[in-house]
Amino acid sequence: MSDNDCKVPVERLRWVCDPAAFTFTTTEDIANLTGGLGQERALASIDFGLGMANHGYNIYLAGEPGTGRSTTICNMLTKRVADTPPPPDWCYVNNFCNPDAPIAISLPAGKGPELAADMRELLDYVRANIPTALESKDYETDRVRIIEEYQEKNGEIFSELEQEASENGFALQRTVSGLVIVPQKEGRNYTQDEYEALEPEERERMDAMGRALTEKLNDALRQVRENEKALRDDLAKLDRELGLSAIGHHLDPLKAKYAGFQKVLHYLECVQEDLLLNLEDFKPQTPPPQIPGLRLPKQEPTFERYEVNVVVENDPESGAPIVFPTNPTYNNLFGRIENVMQMGGMATTNFTLIKPGALHRANGGYLILDAREVLINPFAWESLKRCIRNSEIKIEDVLEQYRFMTVVTLKPEPIPLHAKIIMIGSLWIYYLLFYMDPDYRKFFKVKADFDSRINRTPEVMQDYALFVATHCKQEGLLPFTASGVAALLEHAARQVEDQERISAQFMELSDMIREASYWAELGGGQVVDRKWVHKAIEQKIYRSNRIEERIQEYIADGTILCDTEGGVVGQINGLSVITMGDYTFGRPSRVTTRVSLGRAGMVNIEREVKLSGPIHDKGVLILTGYLRGKFAKERPLSFSASICFEQSYEGVEGDSASSTELYGLLSALAELPIRQGIAVTGSVNQLGQVQPIGGVNYKIEGFYAVCKAKGLTGEQGVIIPKLNERNLMLKDEVVEAVRDGKFHIWSVVDIDQGIEVLTGVPAGKVAADGSYPEGTVNYLVDRKLKGMLENMRRFAVADKEAGNGSKGEVAKVD
């Protein structure tokens, strides 16, 4: 087989998008993108999750950033809620029985502000009319009349008692300790001497009469107290009648308006009762005494307890809410209770200071959260699970459990939760929560997996054009021509290194659209065509490839050794990929192999110095398996070989160089030189099949840059796995070099094809007796291994005859 048989045709080196696939002249001629772009699996999962109303069927949107997760879910929800009824409003009102536990009231959308306005109107009316009614002449007349009636009754009681006491020689007198009955003589009180001079019978009669009158005095005082209580009751009844006449005709329409809402009716009854009990608060207040030099605030009764705190207000003309908080802290998600500092440093609060969170606003609709933001904010994740578990939103002071003392605060009534929670995050976070949090799988049962690449179908290509048109119109960018959109599609295919798929990294695509428009506008263009897209790509590379250029300079001046001409035994150019943040590039690495007599087998120098990763170690060990299967079926292997990445001062990982290492080993065993103008990439299995690898375009372009710097000879190129042909999306410069015969790309299926290209010598097919044709690579390798084994046996016999022979097997089988 000649090396021309393995060359990749020029038309297979990249996929070229034909602008004729689009019917528009510029993107101004087409409409905006209305649906999603690809992601059928994710869209089906979202539809399922949104349709499932059962508990726990919340959705997790998993995927890489920039794959359109946020845009897709927002667009889908916007369409979905267009025809849905709005959820109810929620209000907090004062609990007159227990002010520390405000009551939550649900009203139809738009009715919450109405109730608040009605209560403000009622309060304004009461504050204006109650003082007037309390100061009216009729009210004052009735009040005086009631008071005079009870004063008259009390006067009659004391008059009768005084008359009876006077008839019996006693008098009713007021002292410091109260009213007392005292005996009298000739209009004056008895002296102590006069009282003691009385006859015992007279004194006994007087004491008995005094006790009887004192008993009647006590009865009179009890009657007076009862009259005073009745006076207060009658005055309160008067005030109540006045209050009812003043506010009843204003409250009755409210009760009729909210007749279908039992909680509101109960609240209005409580308001009415509290107003009637506190009519004195509406009277003008006497100002407190002022202290010279200190201005004290005016003390007036507060009427906040009659207000309505509308925490959630929904538009009756809109559908279900869609809430996407940018900073999902605990307070922003679940609400908070604010405090007001009073004079003296005392903090107070009431139900009007209850503030809603994102869950309140999203109740009855959809709440979209960034998974990472929720997890890094203290208390947010656990509280969110608690809300989902209990199906209620409870506003709490989350720091209460960490204080040394308990602080009196409000305990608002929880609000029932009826919202679909949608979290957006990476797959890593999804699996972390799935395995580490036992509650997660109960509450987020639907995963919508967004892929970073999508199949390139004609429909998807047209949607890409609509996507470009949408961005250009929304951001005021220059329109793209069909060739400009085609260049973007080619760039999207290169991003995923696949001729049949394109990238779903819409964030990067959006950046490229903006940058291409910028360069076109800067260059005086009216539209963005292929030229400006290529300009944007080149400039983006230029901003990031300083390290790549520095490495290329080192290779060009010989600091980093890399031959691109001639042939060397046991030396080959491998290819590696370096990723530095947002930029990836390829570079060649010299791989050398040395073989000798011995029993050490394969020695990976990188592994010995701990610069090799486990996957690379696995690739090296596979080489021994390949040699065993091909050359050691009838005899053991006995050799020592060392493999090294020259001038490598950092870790080596991956198995994409395993075929390179095997080619170098075969060259060293066969003592055949390898063409230094050819670089190799690809992994290998124990059967000698060359397997596909990643980063094939970067690797080819990296070696092409080296060959270009040192001079293209027409003999240089890269060997890649056959299965990587569909991944080729090479730059135009490399494709042109291949077309002109200055550079070549070979694709091979197995090691035999690759070694023929590298050495120019046939690999050789095994015969029925296990031998290979003379002069072939495999024949030379087999002969070398046989010679090494015979030499080892001769050394073993000589050592044994000298008394130092080994008692074990003479050759190590690797």
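Further up the page is the structure itself.
Given the structure is predicted, the values throughout are model-derived calculations rather than measurements.

The rules we used
Residues numbered from 1 in each chain as written. Predicted model: local features only at pLDDT ≥ 70, side-chain atom pairs only at ≥ 80, totals over all residues. Heavy atoms only, no water. Helix = DSSP H or I, 4+ residues; strand = E, 2+ residues; numbered from the N terminus. Rg over C-alpha atoms; globule rule 2.2 N^0.38 Å. Buried < 20%, exposed > 50% of the residue type's maximum accessible area, 1.4 Å probe, protein only. Contact = heavy atoms within 4.5 Å. Areas by Shrake-Rupley, 256 points an atom, 1.4 Å probe, with all protein chains shown as cover. Lys, Arg positive; Asp, Glu negative; His and termini not counted. Charge placed at Lys NZ, Arg CZ, Asp CG, Glu CD. Pairing = 2+ DSSP bridges. Axes fitted to C-alpha atoms, helices over the stretch in contact; angles between N-to-C directions. 1 Å grid on protein atoms, 1.4 Å probe; cavity = no way out; pocket = protein on both sides within 12 Å on 5 of 7 lines; lining within 4 Å. Points joined across faces, edges and corners; volume = space filled by probe spheres on them. Nonpolar A, V, L, I, M, F, W, Y, C, P; charged D, E, K, R; others polar. Salt bridge = Lys/Arg side-chain N within 4 Å of Asp/Glu carboxyl O. Left-handed = near helix turned anticlockwise from the far one by under 90°.

All right, on to the overall build of the protein then. Secondary structure assignment for the protein yields 25 helices and 30 strands. For 814 residues, the compact-globule estimate of 2.2 N^0.38 gives 28 Å, and the C-alpha radius of gyration of the protein, at 48 Å, exceeds that figure by more than 25%. The principal-axis extents of the C-alpha atoms in the protein amount to approximately 165 × 85 × 55 Å. The burial tally for the protein puts 46% of its 814 residues in the buried class. Once local pairs closer than 6 in sequence are excluded, the contacts in the protein between residues at least 24 apart make up 77%. Of the roughly 41300 Å² of accessible surface on the protein, 51% is carried by carbon and sulfur atoms. Each charge class in the protein can be summarised by its mean position, and for the 91 positive and 118 negative side chains these summaries are 9 Å apart.

Take the sheet that holds strand β2 (residues 89-93) next. Where strands meet in a sheet, backbone hydrogen bonds hold them as pairs that are either parallel or antiparallel. With respect to topology, 3 strands assemble into an open sheet ordered β3-β2-β7, the strand pairing being antiparallel. A strand with exactly one partner marks an edge of an open sheet, and here the two such strands are β3 (103-107) and β7 (308-312). The mean angle between the axes of side-by-side strands here comes to 30°, regardless of whether they run parallel or antiparallel. Pairing between β2 and β7: 4 bridges, direction antiparallel. From the neighbouring strand, Cys91 faces β7, where its bridge partner is Val310. Along the sheet, helix α7 (residues 262-277) contacts β2, β3 and β7; its crossing angle with β3, the most-contacted strand, is approximately 130°.

Moving on, we get to empty space enclosed by the protein. For the coordinates displayed, the defined rule picks out 1 cavity of 30 Å³ or more. Lining the largest cavity we find Ile560, Leu561, Cys562, Arg587, Pro588, Ser589, Arg590, Glu646 and Gln647. When its residues are assigned to classes, the lining of the largest cavity shows 4 nonpolar, 2 polar and 3 charged.

For Lys618, the location among the structural elements is in helix α20 (residues 614-631). On the basis of relative accessibility, which here comes to 54%, the residue Lys618 falls in the exposed class. Measuring from C-alpha to C-alpha, the distance between Lys618 and Ser658 comes to 9.0 Å, with 40 residues separating the pair along the chain.

Let us look at the pattern of salt bridges. Scanning the model with the defined rule gives 40 salt bridges in all. Between Arg222 and Asp219 there is a salt bridge whose closest N-O contact spans 1.9 Å. Of the two residues, Arg222 and Asp219 are both situated in helix α6 (residues 200-257); the distance of 3 residues between them amounts to about one turn of the helix. Residue Asp219 is classed as partly exposed on the basis of its relative accessible area, which comes to 36%.

The contact between helix α15 (residues 482-496) and helix α16 (residues 506-522) brings their axes to 11 Å, and the two run at 140°. In this structure, the crossing between α15 and α16 has a hand that is right-handed. Residue-level inspection shows Leu488, His491 and Gln495 of α15 in contact with α16, the latter providing Glu508, Leu509, Met512 and Ile513. Here the contact of α15 with α16 is built from residues that sort into 4 nonpolar, 2 polar and 1 charged.

Everything listed here is a matter of geometry and, on its own, says nothing about what the molecule does.
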